[in-house]
Amino acid sequence: MKKLFAFVLTIGLGVLMIFSLRANTLFPEFGDVSIADRISALFLDKSVNGDNGDVVFGQTTDAEDGAANLVTSIVVDYRSFDTLGEVTVLFISSLGVALLLGVAGKQKRLALNFKPNFMLRVGSRALFGIILMTGVYVILHGHLTPGGGFPGGAMIASSILLLYLADDEFRTKVKGFKVLESVAGSLYVIVGLLGLVLATYFLQNFLPTGTVGDLFSAGVLPIVYVLIGLKVGSEISGIIDHFLTEGDLA
Amino acid sequence: MMLLDIVSIVIGALLLIIAFVAIQSKDLIKSVLFLSGLSMLAVVSFVLLKAPDVALTEAVIGSGLVTALFIFTLLSVKKEGSKK
Amino acid sequence: MIQYAAILLFVLGLYGLLTNRNVIKIIVSLNVLEIGLNIFIISIGYVSGGIAPILTSVNNTSALLFVDPLPQALVLTAIVIGVGTTALGLAFAKSIYAKYGTFDLDEVEELK
């Protein structure tokens, strides 16, 4: 009875959503979007503070924001304040996990109960390096290619996860992660405050932006993305550690 | 253009079927694994919609880390159950 | 087409949230709902014939027809927030199990 009621309710909601979206003339048809009418047109041309003309890869210098990846230019430049809030949300959730699962006193690993043979141990150590390098590459090239701090940080965390899976005895230094996370978070705020002091507003891009498409370009963006990558990586590694440890009493 | 339409219809149907199985399945481990598959299909649909950044993030996080967290929770619970 | 699938995925996740009484299944439903919502937000910015919003040496000028990058930037952060909420929910599930010995909310109500 309850299931039937929920079924009717959700089907009604779905039909209502589809028909109201179809009837709304302001909502565009799928694929039939005019970018020129949206604010994204300004982000694409990098001309929010006045018209700068078209951006050309490898030629335009000292653009308003020098990232070749336009998603990155929105995430860590135009809407960097949103990203600061998002990083805060992630910090609070990892704090909540630590509060719920952290046990005072001696902790022990959750044993996965299998004996790793020689190949597995050596192979996982080698793969750990490769995954870590990929994560660092993705973070450093966040302003040129797809990727950036969030997926790169998650890759670093998954390399740590591999070590946890391959060896029952393995424990990381959780305290080091906590320190790294808070240092990266505070440095992000300090970069924002430097923008306020050296330029005019919070989180402004105060370094020269260089040529679009160079590795050393886009001013403050790669620095902020490295900080975000370290923060996300250490936070998710801390969460994984809390899920894999248990108190002596439990 | 026709090919893209056909692929998106197939992906949409698969998304709905796998989501239904993930929600209705009685076995918790199976449900979690179908959620991981749903994440992988979502990656394909992000690529079809020309969003490589989001596809990369979803591939690492949605089908890797979230599944690992679910499995760890279920594993630790199974341990305690066998002890009692 | 993918837009309708995303809306139906959202509705399916909501159905799972309303009917399931198992904590793990509730978190799985929440993830399904979140995936549907993310695909829907991305699909709003899709332009037919557009290219991915990255300047390269091939697609080298911003005068070309690009896909809208703003929804992608929003979803990029939403996915990472999703992993945070999922981890917090699973931590709650673990502590519920430690206290009551079950994941089922109906049995938890009886044990109270």
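Residues numbered from 1 in each chain as written. Chains lettered and ligands numbered in written order. Predicted model: local features only at pLDDT ≥ 70, side-chain atom pairs only at ≥ 80, totals over all residues. Heavy atoms only, no water.

1. Considering the overall build of chain A
So, point 1. A count of helices and strands for chain A gives eight helices and two strands.
So, point 2. Its helices and strands in sequence order give chain A the pattern α-α-α-α-β-α-α-α-α-β, from N to C terminus.
So, point 3. Its C-alpha atoms give chain A a radius of gyration of 23 Å, more than 25% over the compact-globule value 18 Å for 250 residues.
So, point 4. Across its three principal directions, the C-alpha atoms of chain A cover 65 × 60 × 35 Å.
So, point 5. Here chain A holds 250 residues, and 46% of them are scored as buried.
So, point 6. Of the contacts formed within chain A by residues at least 6 apart in sequence, a portion of 72% connects residues at least 24 apart.
So, point 7. Surface accessibility of chain A: about 12,800 Å² in total, with carbon and sulfur atoms responsible for 70%.
So, point 8. Positive and negative side-chain charges of chain A, numbering 17 and 21 respectively, have mean locations separated by a distance of 17 Å. (Helix = DSSP H or I, 4+ residues; strand = E, 2+ residues; numbered from the N terminus. Rg over C-alpha atoms; globule rule 2.2 N^0.38 Å. Buried < 20%, exposed > 50% of the residue type's maximum accessible area, 1.4 Å probe, protein only. Contact = heavy atoms within 4.5 Å. Areas by Shrake-Rupley, 256 points an atom, 1.4 Å probe, with all protein chains shown as cover. Lys, Arg positive; Asp, Glu negative; His and termini not counted. Charge placed at Lys NZ, Arg CZ, Asp CG, Glu CD.)

2. Details of the interface of chain A and chain C
So, point 1. Contacts between chain A and chain C engage 55 residues on the former and 47 residues on the latter.
So, point 2. Counting each side, the surface lost to burial between chain A and chain C is near 4,500 Å², with a carbon and sulfur contribution of 76%.
So, point 3. When the buried surface of chain A facing chain C is broken down by residue, A:F30, A:F57 and A:L100 rank first, second and third, together holding 14% of it.
So, point 4. Joining chain A to chain C, the criterion identifies one salt bridge.
So, point 5. Two residues, C:D68 and A:R38, come together in a salt bridge whose shortest N-O distance is 2.7 Å.
So, point 6. Between the two partners, chain A and chain C, sit seven residue pairs in polar contact (both at pLDDT 80 or more).
So, point 7. Looking at the side of chain A that touches chain C, the elements with two or more residues in it are α1 (2–23), α2 (40–45), α3 (70–78), α4 (80–101) and α8 (221–244) of chain A.
So, point 8. Broken down by element, the residue count for the side of chain A that touches chain C peaks at 13 residues, all from α1(A).
So, point 9. Taken together, the residues that form the side of chain A that touches chain C break down as 36 nonpolar, 10 polar and nine charged. (Buried area = accessible area lost by both parts, 1.4 Å probe. Salt bridge = Lys/Arg side-chain N within 4 Å of Asp/Glu carboxyl O. Polar contact = N/O pair within 3.5 Å; in protein donor to acceptor, adjacent residues only side chain to side chain. Nonpolar A, V, L, I, M, F, W, Y, C, P; charged D, E, K, R; others polar.)

3. Observations concerning unusual backbone geometry
Among all residues except glycine, the phi angle is most often negative; among peptide bonds, the trans geometry is most common.
So, point 1. Of note in the backbone geometry, B:K50 takes a positive phi value of approximately 65° without being a glycine.
So, point 2. Checked against the element boundaries, B:K50 lands in the loop between α2 (28–48) and α3 (52–83).

4. A look at helix α1 (residues 2–24) of chain B
The periodicity of an α-helix, 3.6 residues per turn, causes residues three or four positions apart to be oriented the same way.
So, point 1. When the terminal C-alpha atoms of α1(B) are compared, their 33 Å separation across 23 residues agrees well with the 33 Å that a helix rising 1.5 Å per residue should span.
So, point 2. Those residues of α1(B) that fall on the buried side of the exposure criterion are B:S8, B:I11, B:G12, B:L15, B:I18, B:A19, B:A22 and B:I23.
So, point 3. In this structure, the buried side of α1(B) is in contact with α2 of chain B together with α1 (2–19) and α2 (23–44) of chain C. (Expected span 1.5 Å × (residues − 1).)

5. A word on the packing of α3(A) against α8(A)
Residue and element names in this part refer to chain A.
So, point 1. Packing of α3 against α8 leaves a shortest axis separation of 10 Å and a crossing angle of 80°. The angle between the axes of α3 and α8 places the two elements in the roughly perpendicular class. Touching T72, S73, V75, V76 and D77 of α3 are L221, V224, Y225 and I228, all from α8.
So, point 2. Residue composition of the contact of α3 with α8, grouped by class: six nonpolar, two polar and one charged. (Axes fitted to C-alpha atoms, helices over the stretch in contact; angles between N-to-C directions. Parallel < 35°, antiparallel > 145°, perpendicular 65-115°, else oblique.)

6. A short note on the interface of chain C and chain B
So, point 1. Contacts between the two partners involve 41 residues from chain C and, on the opposite side, 39 residues from chain B.
So, point 2. Interface area for chain C against chain B, summed over the two sides, is near 3,700 Å², with a carbon-plus-sulfur share of 81%.
So, point 3. Taken together, the connections running from chain C to chain B amount to zero salt bridges.
So, point 4. The interface formed by chain C and chain B includes four residue pairs in polar contact (both at pLDDT 80 or more).
So, point 5. Of all the secondary-structure elements, those providing two or more residues to the side of chain C that touches chain B are α1, α2 and α3 (69–100) of chain C.
So, point 6. When residues in the side of chain C that touches chain B are grouped by element, the largest group, 12 residues, is from α2(C).

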